[in-house]
Amino acid sequence: WQESAEASTKWLDIDPRSYIALTQHGATCMLLRRYAEADRVFALASSVNPQGSVPWAQRVWNQMLWHGDVAKAQSLVSEGSQVPGVDDSQYRIAYAAFRVALIRNDFEGAKRLLDDANVDAFANQWIYMPLDLLRGQAHRLAGEKTEARASFEASRRRLESLIAKDPTDARYQSALGISLAGLGLREDALLAAKRGTELMPSSRDQWRATWRVEDLALVHAMIGQQDEAIDRLDYLLSTTGEMSTALLRLDPRWEGLHSNRRFQAMLAKRGAPAP
């Protein structure tokens, strides 16, 4: 990633208003946790091409990773969503908006965002998230057990159908693991989530691999295997990627770990106060 940042810096020296170069350099800085530089570059990318959704979404998420500025992240979600002609065909802004709603504990708002989406899943090269799975997460965090179970079951059926056609897609396997964890099917959930990491190892694609590890960590957390979840989160904090102590302190999906002394020690070791 350091070599990538150096290469994109040279690219920007040649073409400082290249939307692609700005977007890629911003993403690389974010992965390297150079958050201030990432924010500046993403803002430039949005000024060059306001209709491009990626810099808006990345800038939203960069705020959460950087210092957990929920208000700023929400402001960027609103600003980016309202740009005339914005192209969010990869659902980057939509997914970021959903994640920010969860972090704000606005579970009703998160569900409304899903209701307004005209797709079955948010999908790009990093994720395949059926809206039923996301709806299940919102219901679960809101304490709505019956509704959560129904949503996770619907997500499970959809993902199993997709896996039957393409069992090698790591995104499907990881999402299935989360759905199964939501249904309390511990062994099956771990099997699917681990399969996701096996299909997308870091040797194949480091960036996408970290997403699969995060999904596995979430499955561990959902089924009560806190030590295993913390081990994987500590790995994610030790390498480049889209994980930070600020995010872990705020994201309610990890709230069950907050009282764990190992989790608190991990945040302290990585430079953040315990929640």
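Structure shown above.
All figures in this text were calculated on a predicted structure; none of them were measured in a lab. (Residues numbered from 1 in each chain as written. Predicted model: local features only at pLDDT ≥ 70, side-chain atom pairs only at ≥ 80, totals over all residues. Heavy atoms only, no water.)

## Notes on helix α15 (residues 261–269)
Link 1 in the chain: Of the positions making up α15, those classed as buried are F263, M266 and L267. One side of α15 holds all its buried residues, which, seen down the axis, span an arc of 95 degrees. Structural note: α15 exposes R261, A268 and K269 on the side pointing more than 90 degrees away from its buried face.
Link 2 in the chain: Between the side-chain oxygen at the start of α15 and the backbone nitrogen of R262 there is a gap of 2.7 Å, and the oxygen is on N260.
Link 3 in the chain: Once α15 ends, the next one or two residues include G271, with phi positive near 95 degrees. (Buried < 20%, exposed > 50% of the residue type's maximum accessible area, 1.4 Å probe, protein only. Helix = DSSP H or I, 4+ residues; strand = E, 2+ residues; numbered from the N terminus. Arc of directions from axis to C-beta. Polar contact = N/O pair within 3.5 Å; in protein donor to acceptor, adjacent residues only side chain to side chain.)

## With respect to the side chain of R171
Link 1 in the chain: Relative to the assigned elements, R171 resides in helix α10 (residues 170–182).
Link 2 in the chain: For R171, a relative accessible area of 18% gives the class buried.
Link 3 in the chain: Within polar-contact distance, the side chain of R171 engages the backbone oxygen of I127 at 3.4 Å.
Link 4 in the chain: Contact partners of R171, with chain neighbours within four places excluded, come to A123, N124, Q125, W126, I127, Y128 and R212. (Contact = heavy atoms within 4.5 Å.)

## Remarks on the packing of helix α9 (residues 145–165) against α10
Link 1 in the chain: Close contact between α9 and α10 brings their axes to 9 Å; oriented N to C, the two are set at 150 degrees. Regarding the angle of α9 to α10, the classification is roughly antiparallel. Crossing of α9 against α10: the hand is left-handed. When α9 is examined against α10, the residues F152, S155, R156, L159, E160, L162 and I163 are found in contact with a partner set consisting of Y172, Q173, A175, L176, I178, S179, L180 and G182. (Axes fitted to C-alpha atoms, helices over the stretch in contact; angles between N-to-C directions. Parallel < 35°, antiparallel > 145°, perpendicular 65-115°, else oblique. Left-handed = near helix turned anticlockwise from the far one by under 90°.)

## Quick look at helix α2 (residues 19–31)
Link 1 in the chain: Across its 13 residues, α2 extends 18 Å between first and last C-alpha, which sits within 8% of the 18 Å expected from 1.5 Å per residue.
Link 2 in the chain: Along its buried surface, α2 packs onto α1 (2–14), α3 (35–48), α4 (53–67) and α12 (206–222).
Link 3 in the chain: Of the residues trailing α2, R33 is marked for its positive phi of about 65 degrees. (Expected span 1.5 Å × (residues − 1).)

By themselves these figures say nothing about function.
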